[in-house]
Amino acid sequence: MDNFCCFSSQLSGGRSSYGSGKGRSHQGHTKYGFTLVKGKANHPMEDYHVAKFVQYHGRELGLFAIYDGHLGDKVPAYLQKNLFHNILKEEEFWTDPGRSISKAYERTDQAILSHSPDLGRGGSTAVTAILMNGRNLWVANVGDSRAVLSKRGQAIQMSVDHEPNTERNSIENKGGFVSNMPEIKVKVLHSYLEYETENKKLSGDVARVNGQLAVSRAFGDKNLKSHLRSDPDITSADVDGDTDLLIIASDGVWKVMANQEAVDIAKKIKDPQKAAKQIVVESLNRESKDDISCIVVRFTG
């Protein structure tokens, strides 16, 4: 791919931010907007995103992603710069996108682990969406950032929330454990959780891998990697006349809002940037304290 090195500079979405933006496909049929807001936790913004259309090998690709970091922003920043690059340079990308995405996720995680002295001990979730020629959508994720598709106004979750309780067998088979500890006790017992505990409910329990991490799959997290997975769940969908929009958001939205609620908000607002902003505003109104990131991609009108 002679032109890939030059092309790859287009793939990152800029630094993490607290603002918003918008764009459209080159044909103008599909529009997107995004909004990112720093949470109330006492640490720098750890959400990074990608949202853009690019021309590659004579075809148009829409690239959308949210990377929600923990214990620092180095891993999500690395993903923002490298994950789409690694997916698109797979030789089988055009013929077998699913396999290419899976291989790239695994290879990217290995690269992060090999750079752990530079990238630190933190990690990140990821949810990525690739729109091919405006017709085929490929979604992949690790962790609890989520992608939700709307068809005729009905919410369809395209990603899988990777939570410790739902993948307990995998964790225990690798020698780890899942603990459900009251949040306030977890925070006292594990300094590792300093950043992770800001937005969990103080009432009730939080399931964590080895009493530490509230997701069962993630990039990075070298200290826990032997008990975590980084392979993505991957789904695809055809974008047709019934397909309204796609919402991609970090768990700062999904902790306080159901999929259908987010779709109902976005459907009423034709401007996807304003729709993303309204979802964020509603999340804040519902007292979400985490970093909040939301991308809305509108396929119709």
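Parameters and conventions
Residues numbered from 1 in each chain as written. Predicted model: local features only at pLDDT ≥ 70, side-chain atom pairs only at ≥ 80, totals over all residues. Heavy atoms only, no water. Salt bridge = Lys/Arg side-chain N within 4 Å of Asp/Glu carboxyl O. Helix = DSSP H or I, 4+ residues; strand = E, 2+ residues; numbered from the N terminus. pLDDT = per-residue confidence, 0-100. Contact = heavy atoms within 4.5 Å. Core = buried A, V, L, I, M, F, W, Y, C linked by side-chain atoms within 4.5 Å. Buried < 20%, exposed > 50% of the residue type's maximum accessible area, 1.4 Å probe, protein only. Arc of directions from axis to C-beta. Pairing = 2+ DSSP bridges. Axes fitted to C-alpha atoms, helices over the stretch in contact; angles between N-to-C directions. Phe/Tyr/Trp six-rings, centres within 6.5 Å; stacked < 30°, edge-to-face > 60°.

Chemist: Talk me through the pattern of salt bridges; I want residue IDs and the actual numbers.
Modeler: Considering all chains together, one arrives at 20 salt bridges under this definition. Linking Arg-229 and Asp-231 is a salt bridge whose minimum nitrogen-to-oxygen distance equals 2.7 Å. Note that Lys-255 is salt-bridged to Asp-290, the shortest N-O span being 3.1 Å. Here Lys-255, found in the loop between helix 7 (251-254) and helix 8 (259-267), pairs with Asp-290, found in the loop between helix 9 (272-285) and strand 15 (292-298); they are 35 residues apart in sequence, far enough to count as distant. Within the structure, one salt-bridge network assembled from shared partners comprises Glu-90, Glu-92, Arg-99, Lys-103 and Arg-107.

Chemist: Any details on the confidence of the model for the chain? Residues and values, ideally.
Modeler: For the chain, per-residue confidence averages 86 on the pLDDT scale, and residues scoring 70 or more make up 86% of the total. For residues 1-9, every residue scores under 50 in pLDDT, and the model assigns this stretch 17 contacts once sequence neighbours within four places are set aside.

Chemist: With reference to specific residues and values, describe the nonpolar core.
Modeler: Judged by nonpolar contacts, the single largest core of 28 residues is most densely connected at Leu-61, Tyr-67, Ile-87, Tyr-105, Ile-130 and Phe-219. For this core, the elements supplying multiple residues, two or more each, are strand 3 (47-56), strand 4 (59-70), helix 2 (74-88), helix 3 (97-114), strand 6 (126-132) and strand 7 (136-142). Take this core: its biggest share by element is seven residues, from helix 2. Membership of the second largest hydrophobic core comes to 23 residues, among which are Tyr-32, Phe-64, Val-239 and Phe-299.

Chemist: Residues and numbers for helix 8, please.
Modeler: Every buried residue of helix 8 is listed here: Asn-259, Ala-262, Val-263, Ile-265 and Ala-266. In an axial view of helix 8, the angular spread of the buried residues amounts to 160°, which keeps them on one side of the axis. Close packing links the buried residues of helix 8 with strand 8 (146-151), strand 9 (154-157), strand 14 (243-249), helix 7, helix 9 and strand 15.

Chemist: Before we move on, can you summarise the sheet that holds strand 8 with the specific residues and values?
Modeler: If you walk across this open sheet you meet the six strands as 1-2-15-14-8-9, and the pairing is antiparallel. A single partner strand is all that each edge strand has here, and the edge strands are strand 1 (20-24) and strand 9. Here the strands of the sheet are splayed against their neighbours by 15° on average, with no regard to which way each runs. Taken together, the seven bridges between strand 2 (residues 31-37) and strand 15 define a ladder with antiparallel strand orientation. Residue pairing across strands places Val-37 opposite Ile-292, the latter belonging to strand 15. Packing of helix 8 onto the sheet brings it into contact with strand 8, strand 9, strand 14 and strand 15, and relative to strand 14 it is tilted by some 120°. Packing of helix 9 onto the sheet brings it into contact with strand 1, strand 2, strand 14 and strand 15, and relative to strand 2 it is tilted by some 30°.

Chemist: Give me the lowdown on the packing of aromatic side chains, citing residues and values where you can.
Modeler: By the definition in use, this model includes six aromatic pairs. Ring centres 5.5 Å apart and planes at 70° place the aromatic pair Tyr-32 and Phe-64 in the edge-to-face group. Of this pair, Tyr-32 sits in strand 2 while Phe-64 sits in strand 4; the two residues are 32 residues apart in sequence, bridging distant segments of the chain. Side by side, Tyr-32 and Phe-64 carry an identical accessibility label, which is buried. Residues Tyr-105 and Phe-219 carry aromatic rings whose centres are separated by 5.3 Å and whose planes lie at 40° to one another, so their mutual orientation is tilted. Separated by 114 residues along the polypeptide, Tyr-105 in helix 3 and Phe-219 in strand 12 (residues 219-220) bring together distant segments of the chain. Using a relative accessible area of 0% as the deciding quantity, one classes Tyr-105 as buried. An aromatic cluster of at least three residues, connected via ring pairs, comprises Tyr-32, Phe-53 and Phe-64.

Chemist: Which residues make up unusual backbone geometry, and what values go with them?
Modeler: Look at Leu-71: it is not a glycine, yet its phi comes out positive at around 55°. Its place among the elements puts Leu-71 in the loop between strand 4 and helix 2. The backbone of Asn-210 shows a phi angle near 55°, a positive value even though the residue is not glycine. Asn-210 gets classed as buried once you look at its relative accessible area, which sits at 12%.

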